[in-house]
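An overview of the molecular structure
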Amino acid sequence: MTTDQPSLLDPSTLEYVLPAPPRTAGEVVVVAPRRDQTSPWRRGSDVARQLGDRFLAMAEGQQLFAAELRERLQTLDLAVADASRAQLKGSIRDVLAVLEWSEAVHADLVRESRLAANGAEPIDLADLCTEVAAQVRTAEQPIYVSGTAPLWWGPAPAVAEMVKQALQVVAERCQGIGARSLEISETGGGVRLWVTGTGEPGDAMDGDSIARFRRAVEQVGAAVQPDALGPGGVGMVLTLSRTATD
């Protein structure tokens, strides 16, 4: 006669559940919490420092522009009585040129402040992709990351998840054989991530892996296309717009 045993796997959380706490004296059982795979990219102090550095540089630039404007206006004020019309117009053009620089910096400051207020952060994609590659590479399938791009503003955990799922899809497409590579480059409209592998393409793909990849891409708002080898190859190109809000 068989007896149904209570399941140790809670299907609602997929976490190990002990049927009852241990009662043995002198022993302590520690159940490790489920690892948060996105925690490496939730570096609050690093993000705060990056934002602080950028906003401080912009604010100090504005201080310099304001000082230049004051100096030029004071010089213009002293010269009004004796200066010719041409000299006055030249001085006014100088003042307007400084004002244009100041307005450009102010516009960047407003834009980046709005992005930060909406939860975006400045991301060094080369560093982030290198961290993801270090997490998912295997001895059979090493991952090589190359290239650089300007800081991209967006949700780092979501971008990391997208890169991770893209590497997984390429790994399955290559049948788990051969090195993978991830190349980062700047385009006219944003950033391009080329993910590919050296293995021969196979037809067997896990539907769950594809679904996870599509959800991750949608979360970031990236565009996906086959690389130069076309749909029959193993590679793909992920394109990120200039910022997560574009």
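How each quantity is defined
- Residues numbered from 1 in each chain as written.
- Predicted model: local features only at pLDDT ≥ 70, side-chain atom pairs only at ≥ 80, totals over all residues.
- Heavy atoms only, no water.
- Helix = DSSP H or I, 4+ residues; strand = E, 2+ residues; numbered from the N terminus.
- Buried < 20%, exposed > 50% of the residue type's maximum accessible area, 1.4 Å probe, protein only.
- Contact = heavy atoms within 4.5 Å.
- Areas by Shrake-Rupley, 256 points an atom, 1.4 Å probe, with all protein chains shown as cover.
- Pairing = 2+ DSSP bridges.
- Axes fitted to C-alpha atoms, helices over the stretch in contact; angles between N-to-C directions.
- Parallel < 35°, antiparallel > 145°, perpendicular 65-115°, else oblique.
- Left-handed = near helix turned anticlockwise from the far one by under 90°.
- pLDDT = per-residue confidence, 0-100.
- Core = buried A, V, L, I, M, F, W, Y, C linked by side-chain atoms within 4.5 Å.

Examining the overall build of the protein
Secondary structure summary: the protein contains five helices and nine strands in total. Ordered by position from N to C terminus, the α and β elements of the protein give β-β-α-α-β-α-β-β-α-β-β-α-β-β. Here the protein, with 246 residues, has 33% of them falling under the buried criterion. Of the contacts made within the protein by residues no fewer than 6 positions apart, 74% connect residues no fewer than 24 positions apart. Total accessible area on the protein is roughly 15,700 Å²; 55% of this is exposed by carbon and sulfur atoms.

Some remarks on the sheet that holds strand 9 (residues 236-241)
Adjacent strands of a sheet pair through backbone hydrogen bonds, lying either parallel or antiparallel. An order of 4-6-7-9-8 is seen for the five strands of this open sheet, with the pairing classed as mixed. Sheet topology places strand 4 (143-147) and strand 8 (223-226) at the edges, where each strand pairs with a single neighbour. Along the sheet, successive strands turn relative to each other by an average axial angle of 20°, direction set aside. Of the strand pairs in this sheet, strand 4 and strand 6 (residues 180-187) are connected by five bridges, and their pairing is parallel. Counterpart to Tyr144 in the pairing with strand 6 is Ser181. Contacting strand 4, strand 6, strand 7 (190-197) and strand 9, helix 4 (residues 156-173) runs over the sheet at an angle of about 30° to strand 7. Strands strand 8 and strand 9 of the sheet are contacted by helix 5 (residues 207-220), whose axis makes an angle of about 25° with strand 9.

Thoughts on the pairing of strand 9
When strand 7 meets strand 9, the two strands line up antiparallel, connected through six bridges. Looking at the pairing, Gly190 lines up with Ser241 of strand 9. Where strand 8 meets strand 9, four bridges bridge the pair, whose relative direction is antiparallel. Across the sheet, residue Pro226 finds its bridge partner in strand 9, namely Met236.

Things to note about the packing of helix 4 against helix 5
The N-to-C vectors of helix 4 and helix 5 enclose an angle of 150°; their axes lie 8 Å apart at closest approach. As summarised for this structure, helix 4 and helix 5 are arranged roughly antiparallel, according to the angle between their axes. For the crossing formed where helix 4 meets helix 5, the hand is left-handed. Note on element contacts: helix 5 touches helix 4 through Ser209, Arg212, Phe213, Ala216, Val217, Gln219 and Val220, opposite Ala158, Val159, Glu161, Met162, Gln165, Ala166, Gln168, Val169 and Glu172.

Some details on unusual backbone geometry
The backbone of Gln175 sits at a positive phi, close to 60°, despite the residue not being glycine. Within the element layout of this structure, Gln175 appears in the loop between helix 4 and strand 6.

Regarding the confidence of the model for the protein
Averaged over the protein, the pLDDT score is 77; the fraction of residues at 70 or greater is 78%. Averaged pLDDT values for the elements of the protein fall to 35 in strand 1 (residues 9-10) and rise to 95 in strand 4.

A word on the nonpolar core
Residues Met162, Ile184, Leu193, Leu238 and Leu240 are the most contacted members of the largest nonpolar core, which totals 36 residues. Mapped onto this core, the elements with two or more residues apiece are helix 3 (125-136), helix 4, strand 6, strand 7, helix 5 and strand 9. Per-element accounting of this core gives the leading share, ten residues, to helix 4. Membership of the second largest hydrophobic core comes to seven residues, among which are Met58, Leu69, Val98 and Val105.

Here we look at the environment of Val163
For Val163, the location among the structural elements is in helix 4. Looking at Val163, the relative accessible area reads 1%, which means it is buried. Residues within four places of Val163 in sequence aside, it is in contact with Cys129, Val132, Leu182 and Leu193.

As for the environment of Ala97
By secondary structure assignment, the location of Ala97 is in helix 2 (residues 85-117). Here Ala97 falls in the partly exposed class, since its relative accessible area comes to 34%. Taking the C-alpha atoms as reference points, Ala97 and Leu69, 28 residues apart in sequence, are found 9.6 Å from one another.

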